[in-house]
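# Architecture at a glance
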Amino acid sequence: MVFVVAWVCSSLGGSVDYRNLTSVTQYEHISMDLWNLPRYAADTTVRMFIALFCSFIFSFVIGAWAAKSKRAESVIIPIIDIFQSIPILGFLAITITGFLAIFPYSLWGAQLAVIFGLFTAQAWNMMLSFYQSLKTIPKELREAADMYQLSGWQRFWKLEVPFSMPGLIWNTMMSMSASWFMIVASESIVVNFSATTSAAINLPGIGTFIDQANNERNFTAVIAAIVVMLIVIVLYDQLIFRPIVKWSEKFVVSDMQQETGSNSWFLTLLQRSTILQSFSHFMAVQANRLVNISYLKKDLSKNYNQIEHQKNERENSRLQAAIWQLCVALSVALFLYLSWQFIYGNKEDPITFAETVKVFGYGALTAVRVFVLIILASIIWVPIGIWIGLRPKVAEKVQPYAQIFAAFPVNVLYGLFGTVVIAFNLNFNIWCILLMALGTQWYILFNVIAGASAIPYELKMAAKNMQLKGMVKWFKFLFPAVMPFYVTGAITAAGGAWNASIVCEYINWGKDSVIMASGIGAYISEQYNAPGDHTANIALGVVVMCILVVLTNKLFWRRLYNYAEKRFSMNM
């Protein structure tokens, strides 16, 4: 693995001048030779795992901050709800200039932009999972940490991270699958030179290969890319995720002996290796020293100071709360002002009021599709996810197939889907929901499986002793037990559906072969693919999407999340 990463990273760079059209156009096309597919797969996979590493750091820092600070929570969670719904094209169109400015003469500028795009497809889901786990840590575990007088640093590594592992690992697998789903849209970077001139940098990778094969209608190349992609998914499932899932089962909260869990041949192989056992022991010693570093431990020699303790426990004054609210309001006002100037400040090609109203109408149509998708996916996958999660052996077999289906890039189906829509004269405004479901319904399934897998064994035995059966068992035991996980998955699926609208409402599988639905995703994709600089129109679409997401989250999803956290938490 180290060799592959070093080999790929050694050639990710290259010489390019982003201000020179001729220099940029040399990267507009990649070789379609099928023998290059393993190299393209390695390039894409390394980008994904670099983004995944950054996503873990982001989740641990921001997720813990939001879970432990009411003030931070009131700002971070709405922002994350917005970010997870912003399409990758929206992030790339707005941030790509900054990444290219960091490396103005190197291909690493485009590489960082692609990695950042993959990061935006992974981080929000993982951060929300970690945040939800920290908010639902049982009270007795918190009290045990207090009795052992653990510092904040020790509590984080000895309680909070281990408790979050089962759910976080499943959401990490979902994030990797989401990366594959959006890879076609993220590996192509558009460089604007003027209002009418632009050029694309297509970095070598599976996503670029599929996109170029679609444009050339080379279905043999598309099928070959799918086969290579599936092989890569199975490889990292067997060598990375399956061992981690098996390892994370020891963190399931239960006082009783657990049922037989999943198996991992590769983990067994590693555990039987004498060399790796020695290396693992060495790493465990170093990790223990890091967690118990004296500087970050509580000073137990000091006497308990009741006055100081009461001072720390005292709630913030009204003046402090007012200052905080004022700072938040000023930040929001500044963001709205800069957005207004960016969108409507171009006097040469101004965006009209009618255009704005039209975009809000597109957003409303996409919102209807998102809610229909969530309702249908919940009806189908919640019972199935609970059934799978309660059976570790079944979950072990389903896991790789679920990853493959979740990772399947919807762009591959453009040719087939477009042909069916035209042949049967279907209403694409309705049937594009099917394309959206292919990439977002899995958030609900993965979170429900994680929730059902984390049900304490004694709670299962209590339900069995009470002889709960039929619908009573489902509504009094199973649904409430997974409700916090389901709500997290539903919120993430809704954000993913908004994000996926850019590749599902606008399908293109060759020259003059474009089908569009009426929606904000199609509007953003159309502006992104149009010749010239349409950044202001893309920003308008992104801002309108943000406004609609904030409204739906504030009026519905946050209220549902708070209700699930208070009503169905296992804290007494």
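Here the structure is shown first, and the text comes after it.
Values in this document were obtained by computation on a predicted structure and should not be read as measured data.

### Here's the deal with the overall build of the protein
- Helix and strand content of the protein: 22 helices and four strands.
- Expressed as a percentage of the 572 residues in the protein, the buried residues total 50%.
- Relative to all contacts within the protein whose residues are 6 or more apart in sequence, the contacts with residues 24 or more apart total 81%.
- In the structure as shown, the protein presents an accessible area of about 28,600 Å², 66% of it carried by carbon and sulfur atoms.

### Comments concerning the side chain of S55
- Checked against the element boundaries, S55 lands in helix α3 (residues 37-68).
- Residues within four places of S55 in sequence aside, it is in contact with F119, Q122, A123 and M126.

### Points about helix α4 (residues 70-83)
- Between the first and last C-alpha of α4 there are 20 Å, a value that for 14 residues agrees with the 20 Å anticipated at 1.5 Å per step.
- Within the span of α4, buried status applies to A72, E73, I76, I77, I80, D81 and I82.
- Along its buried surface, α4 packs onto α3, α6 (108-135), α14 (318-344), α20 (470-504) and α22 (535-568).

### Digging into the pattern of salt bridges
- This structure, assessed with the given rule, holds nine salt bridges.
- Close ionic contact of K246 with E249 constitutes a salt bridge, the shortest N to O distance being 3.9 Å.
- Residue classification places E249 among the partly exposed positions, given a relative accessible area of 25%.
- One salt bridge in this structure joins R369 and E505, with 2.8 Å as the shortest N-O distance.

### Some remarks on unusual backbone geometry
- Phi is positive for Q149, which is not a glycine, with a value near 55°.
- With respect to the helices, strands and loops of the structure, Q149 is situated in the loop between α7 (139-147) and α8 (152-186).
- Notably, N425 is not glycine yet its phi reads approximately 55°, a positive angle.
- With respect to the element layout, N425 can be found in the loop between α17 (414-423) and α18 (428-453).

### Looking at the packing of aromatic side chains
- Tallying each qualifying case throughout the model produces 28 aromatic pairs.
- Centroid distance F58 to W124: 5.5 Å. Interplanar angle 80°. Geometry classified as edge-to-face. Within this pair, whereas F58 is found in helix α3, its partner W124 is found in helix α6, the two being separated by 66 residues in sequence. Across this residue pair, the class does not change: F58 and W124 are buried.
- Where F371 meets W557, the ring centres are 6.3 Å apart and the plane angle is 5°; that geometry is what we call stacked. With F371 in helix α15 (residues 353-389) and W557 in helix α22, this pair connects stretches of sequence that are 186 residues apart.
- The aromatic ring of Y561 is capped on one face by R558, whose charged end is 5.0 Å from the ring centroid.

### Side note on empty space enclosed by the protein
- Overall, the coordinates contain four cavities of 30 Å³ or more when judged by the stated rule.
- Considered as a void within the structure, the largest cavity measures approximately 170 Å³ in volume.
- Lining of the largest cavity is provided by 17 residues; of these, A121, A178, Y443, G496 and N499 occupy positions nearest its centre.
- Counting only elements with at least two residues in the lining of the largest cavity, the list comes to α6, α8, α18 and α20.
- Of the residues assigned to the lining of the largest cavity, the class counts are seven nonpolar, ten polar and no charged.

### A short note on the pairing of strand β1 (residues 188-192)
- Most of β1 sits out of view: four of its five residues are buried.
- Where β1 meets strand β2 (residues 198-202), five bridges bridge the pair, whose relative direction is antiparallel. In the strand pairing of β2, I189 is matched with I201.

### Comments concerning a nonpolar patch on the surface
- Side chains of W153, W157, L290, I293, Y295 and L296 sit close together on the surface and give an oily, nonpolar patch of about 600 Å² of accessible area.
- Here L296 is to be found in the loop between α12 (274-291) and α13 (306-313).
- Owing to a relative accessible area of 32%, L296 belongs among the partly exposed residues under this scheme.

### Some details on the packing of α14 against α22
- With their axes 8 Å apart at the nearest point, α14 and α22 run at an angle of 140° to one another. One way to sum up the angle between α14 and α22 is to call them oblique. Where α14 crosses over α22, the two elements pack in a sense that is left-handed. Residues S339, F342, I343 and Y344 of α14 touch α22, and the partners they reach there are T535, A536, A539, L540 and V543.

### Let's talk about the side chain of K135
- Within the secondary structure, K135 is located in helix α6.
- Within polar-contact distance, the side chain of K135 engages the side chain of E73 at 3.4 Å.

Rules of the game
Residues numbered from 1 in each chain as written. Predicted model: local features only at pLDDT ≥ 70, side-chain atom pairs only at ≥ 80, totals over all residues. Heavy atoms only, no water. Helix = DSSP H or I, 4+ residues; strand = E, 2+ residues; numbered from the N terminus. Buried < 20%, exposed > 50% of the residue type's maximum accessible area, 1.4 Å probe, protein only. Contact = heavy atoms within 4.5 Å. Areas by Shrake-Rupley, 256 points an atom, 1.4 Å probe, with all protein chains shown as cover. Expected span 1.5 Å × (residues − 1). Salt bridge = Lys/Arg side-chain N within 4 Å of Asp/Glu carboxyl O. Phe/Tyr/Trp six-rings, centres within 6.5 Å; stacked < 30°, edge-to-face > 60°. Lys NZ or Arg CZ within 6 Å of the ring centre and 35° of its normal. 1 Å grid on protein atoms, 1.4 Å probe; cavity = no way out; pocket = protein on both sides within 12 Å on 5 of 7 lines; lining within 4 Å. Points joined across faces, edges and corners; volume = space filled by probe spheres on them. Nonpolar A, V, L, I, M, F, W, Y, C, P; charged D, E, K, R; others polar. Pairing = 2+ DSSP bridges. Patch = residues over 30% accessible without salt bridge, like charges linked within 9 Å, V, L, I, M, F, W, Y side chains within 5 Å. Axes fitted to C-alpha atoms, helices over the stretch in contact; angles between N-to-C directions. Parallel < 35°, antiparallel > 145°, perpendicular 65-115°, else oblique. Left-handed = near helix turned anticlockwise from the far one by under 90°. Polar contact = N/O pair within 3.5 Å; in protein donor to acceptor, adjacent residues only side chain to side chain.

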